Amino acid sequence: MGSLLSGVQTMFAGGDIPQEEKDLFFQAVMQAYLECKEEARNKFTPKKYRK
């Protein structure tokens, strides 16, 4: 996780990045977050509480 944050800081610290590329990056991060959240829900929620 630390290397990801370091890479992001480096990416945004130097120079101009087009807004479109920033949006694509954040969409990818959000998609990864939602997939991890769903995986955790399936793994750790007892079957009797699943919908």
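Residues numbered from 1 in each chain as written. Predicted model: local features only at pLDDT ≥ 70, side-chain atom pairs only at ≥ 80, totals over all residues. Heavy atoms only, no water.

Let's talk about the overall build of the protein
Then, in step 1: Looking only at helices and strands, the protein has two helices and zero strands in total.
Then, in step 2: Its C-alpha radius of gyration of 16 Å places the protein more than 25% over the 10 Å reference for a compact globule of 51 residues.
Then, in step 3: Counting only C-alpha atoms, the protein reaches 50 × 25 × 10 Å along its principal axes.
Then, in step 4: Within the protein, buried positions represent 2% of all 51 residues.
Then, in step 5: Where the 8 positive side-chain charges of the protein centre and where its 7 negative ones centre are 21 Å apart. (Helix = DSSP H or I, 4+ residues; strand = E, 2+ residues; numbered from the N terminus. Rg over C-alpha atoms; globule rule 2.2 N^0.38 Å. Buried < 20%, exposed > 50% of the residue type's maximum accessible area, 1.4 Å probe, protein only. Lys, Arg positive; Asp, Glu negative; His and termini not counted. Charge placed at Lys NZ, Arg CZ, Asp CG, Glu CD.)

Observations concerning the packing of aromatic side chains
Then, in step 1: Overall, the coordinates contain one aromatic pair when judged by the stated rule.
Then, in step 2: For the ring pair F25 and F26, a centre distance of 5.3 Å and an interplane angle of 70° mean the geometry is edge-to-face.
Then, in step 3: The class for F25 is partly exposed, based on a relative accessible area of 21%.
Then, in step 4: On the accessibility criterion, F26 (46% relative accessible area) is partly exposed. (Phe/Tyr/Trp six-rings, centres within 6.5 Å; stacked < 30°, edge-to-face > 60°.)

Side note on the pattern of salt bridges
Pairing is possible between side chains of opposite charge, provided their charged atoms come close.
Then, in step 1: Taken as a whole and assessed by the stated rule, the structure comprises one salt bridge.
Then, in step 2: The closest approach of N and O atoms between R41 and E38, which form a salt bridge, is 3.0 Å. One end of the pair, R41, and the other, E38, are both in helix α2 (residues 19-44), three residues apart, so they sit about a helical turn from each other.
Then, in step 3: Look at R41 and you get partly exposed, because its relative accessible area is 42%. (Salt bridge = Lys/Arg side-chain N within 4 Å of Asp/Glu carboxyl O.)

Just distances and angles here, no functional claims.
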